[in-house]
Amino acid sequence: MSEIRRGNELRDSLIEGINLVAEVVRPTLGAGASTVLLERENDFPLALNDGVSIAKSVSHSDPFVNMGVNLIQQVSSEAQAKSGDGTTTATILAQKMCQAAITYYDFLDRLNPSMLKIVDNMEASVESMIEGLTTIARPLATKEDLFNVAYVAGNNDSEIGEILSKAFDVDNKFSTVTLQPSKNTSTTIETQNGFEIPSGYISHYFAPEGKLDMKDAYVVLTTEVIDDFSTMIPALELAKGDNKPILFVCRNVSGNALPNLLVNVANKAIDACIVKVPAWGEEAEAWLDDIGCITGAKVFKEGAGDSITELAREDLGDTVNITVKETSTVISQNLDTDTKVKRFVQDKDEYILSIGEGIEELNDWDAEKINNRIARLQGKVSIVHVGGNSELEIRERLERFDDAINATKAALQSGVVYGGGLAYLQVLHTEWENTIDDIIQEACWEIPIVIRYNSDRERYDRTELYDNYKALKWYDAKVKELVCVTQYNVLDPLDVVISSLRSAMSISRLVLTTEVAVALPTE
């Protein structure tokens, strides 16, 4: 028989689950962060300070408490998916939002309050906070800014900051950096030509571990919807004969094409993957043309009567490495050593010039799209080979490098604000203060309080932190002391900060407005 729980009893159970996860990840926030040990079956414990991985490891025997656990796990997963970082911040914000809202609701109990109205006010306050943050954000301007963003996101590892400040180009927001485990203890950078496509594998069966590396792979480009497996056979036979993996970039896949390809991949008969081309229409064709420019592949255009059934070896694109994830694909190409593509260097320069022709006559929107294409084509792919003294250390460092890369990419795209909770306080003491309710203010205050506690193990309240701010001082957890605000160089990407707020608010609404939950029947 199913178990049903309602009202305040249910909300208490959900909050218990949220608290359970939040208290586990809280020690990983800020420069004074600690690692968390995760037990593994038939293996050594795993030491991590990655919010998503830690949150996913928590569970509870009570099904309703476990629902709260699952909801807060979704917060960190959403933050990770949207911006690649800020997962611990999102979890702590969601915890405090729920706690403060419940406290406020209980306080107004005699007035018959509406939880829905409370939540609506919270959402409006979050949007006001985001508007304020957007106004005070600034673009990344220097290599030092790159270092500071990567340093903080990499859990205050100066080597991560130094390596990524070299790997990224502050003048090109389409800089691409990928990771590989090193075969020795040192961490090095290798730079190649290439760029990133904002589209990933069409089925997770292509990459059961969430990431697929294809070395020396062929590329097929087409505007077609591949709806028959037989149309792929000419390309697959060429790749199989040359013992190379192959990537198809197409408009979509339907019919028997995908299941038949997946069966062959699962049986290791072929090494292949499919990625949908980003966008649609003319913009989709532009993406395919750009990928063709980088790889030397022919673009089969359905409107011109082309079909990949007629594909020949010279129509295939060449690459050094392709890394395919759920939402992105990075193509690396070494134009200095590949003889087939070497002749294409001149073509690439001419291609970029042809794209930019007449740009001064376009409207701002179209001109920006052209400039973005040119920036992508002129970008580089930096491969960071991450070293360590053991497999466990390399895995832990790969997690921190990944967080730092995501944060740096977000900062290049959207700009930065002060980290350590300082940006929240800046907004709360401007014209937006009166549009942000006490619940959201209390949640935002929790971030600097937790960061400081993790650094010196002393608890502080809002009054003391506010007095510091009025004196133009802010706590720098790196040096464990108050510094002048003008010398504070902890930076957070605006996109990450916004994503954390919105993800936290999304789950808070769900928890606070749920009246009934049904658990699965117990055996």
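Details of the structure are given in the entry above.
Residues numbered from 1 in each chain as written. Predicted model: local features only at pLDDT ≥ 70, side-chain atom pairs only at ≥ 80, totals over all residues. Heavy atoms only, no water.

1. Things to note about the side chain of Glu446
Residue position: Glu446 is located in helix α16 (residues 438-456). Leave out the neighbours within four places in its chain, and Glu446 touches Arg26, Ile92 and Lys96. (Helix = DSSP H or I, 4+ residues; strand = E, 2+ residues; numbered from the N terminus. Contact = heavy atoms within 4.5 Å.)

2. Brief notes about helix α17 (residues 462-470)
All buried positions along α17 are accounted for by Leu465, Asn468 and Tyr469. All buried residues of α17 fall inside an arc of 100° around its axis, so they share one side. Opposite the packed face of α17, turned more than 90 degrees from it, sit the exposed residues Thr463 and Lys470. On the buried face of α17, the contacting elements are α15 (422-428), α16, β18 (473-476) and β19 (481-484). Looking at the residues trailing α17, positive phi occurs at Leu472, about 60°. (Buried < 20%, exposed > 50% of the residue type's maximum accessible area, 1.4 Å probe, protein only. Arc of directions from axis to C-beta.)

3. A word on helix α6 (residues 143-153)
Every buried residue belonging to α6 is among Asp145, Leu146, Asn148, Val149, Ala150, Tyr151 and Ala153, and all of these are buried. As for α6, its buried residues are in contact with α7 (158-167), α14 (391-414), β17 (416-418) and β20 (491-493). Of the residues trailing α6, Asn155 is marked for its positive phi of about 60°.

4. Concerning the sheet that holds strand β15 (residues 329-333)
Read across the sheet, 6 strands follow the order β4-β16-β5-β15-β14-β6 without closing on themselves; strand pairing throughout is mixed. The sheet terminates laterally at β4 (176-181) and β6 (211-215), the two strands that pair on one side only. On average, each strand axis in the sheet is inclined to that of its neighbour by 30°, with strand direction left out of account. Packed on one face of the sheet, α14 meets β4, β5 (188-197), β14 (321-325) and β16 (380-386) and runs near 175° to β4. (Pairing = 2+ DSSP bridges. Axes fitted to C-alpha atoms, helices over the stretch in contact; angles between N-to-C directions.)

5. Brief notes about the environment of Ser390
One can find Ser390 in the loop between β16 and α14. There is a polar contact of 3.2 Å between the side chain of Ser390 and the backbone nitrogen of Glu393. (Polar contact = N/O pair within 3.5 Å; in protein donor to acceptor, adjacent residues only side chain to side chain.)

6. A short note on the nonpolar core
Counting residues in each nonpolar core, the largest one holds 76 residues, and the members touching the most others are Met97, Met122, Met129, Leu133, Tyr424 and Leu501. At 10 residues, the largest contribution of residues to this core is made by helix α4 (residues 87-107). Core analysis: the second largest hydrophobic core is formed by 51 residues, Phe229, Leu236, Val277 and Phe300 among them. (Core = buried A, V, L, I, M, F, W, Y, C linked by side-chain atoms within 4.5 Å.)

7. Regarding the packing of aromatic side chains
One pair of aromatic rings is described through two measures. These are the centre distance and the angle between the planes. Scanning the entire structure with this criterion turns up 4 aromatic pairs. Centroid distance Phe147 to Tyr151: 5.6 Å. Interplanar angle 20°. Geometry classified as stacked. Of this pair, Phe147 and Tyr151 both sit in helix α6, 4 residues apart, which is roughly one turn of that helix. Assessed through its relative accessible area of 14%, Tyr151 is described here as buried. Considering the side-chain rings of Tyr469 and Trp474, the 6.5 Å spacing of their centres and the 90° angle between planes classify their relative orientation as edge-to-face. An identical accessibility class is assigned to Tyr469 and Trp474; each is buried. Looking at Arg11, its charged tip hangs above the ring of Tyr105, at a distance of 5.7 Å from the centre. Of note, Lys298 hangs over the ring of Phe300, and the distance from its end group to the ring centre comes to 4.7 Å. (Phe/Tyr/Trp six-rings, centres within 6.5 Å; stacked < 30°, edge-to-face > 60°. Lys NZ or Arg CZ within 6 Å of the ring centre and 35° of its normal.)

8. What to know about unusual backbone geometry
Positive phi, normally seen in glycine, also occurs at Lys268, with a value near 60°. Structurally, Lys268 can be placed in the loop between α9 (257-266) and β11 (272-276). Note on Lys268: relative accessible area 72%, which makes it exposed. Of note, Leu472 is a non-glycine position whose phi angle comes to about 60°, a positive value.

9. A short note on a nonpolar patch on the surface
Taken together, the side chains of Ile4, Val516 and Val518 present a nonpolar region at the surface, about 240 Å² in accessible area. Relative to the helices and strands, Val516 resides in strand β21 (residues 516-519). With a relative accessible area of 43%, Val516 lands in the partly exposed category. (Patch = residues over 30% accessible without salt bridge, like charges linked within 9 Å, V, L, I, M, F, W, Y side chains within 5 Å. Areas by Shrake-Rupley, 256 points an atom, 1.4 Å probe, with all protein chains shown as cover. Salt bridge = Lys/Arg side-chain N within 4 Å of Asp/Glu carboxyl O.)

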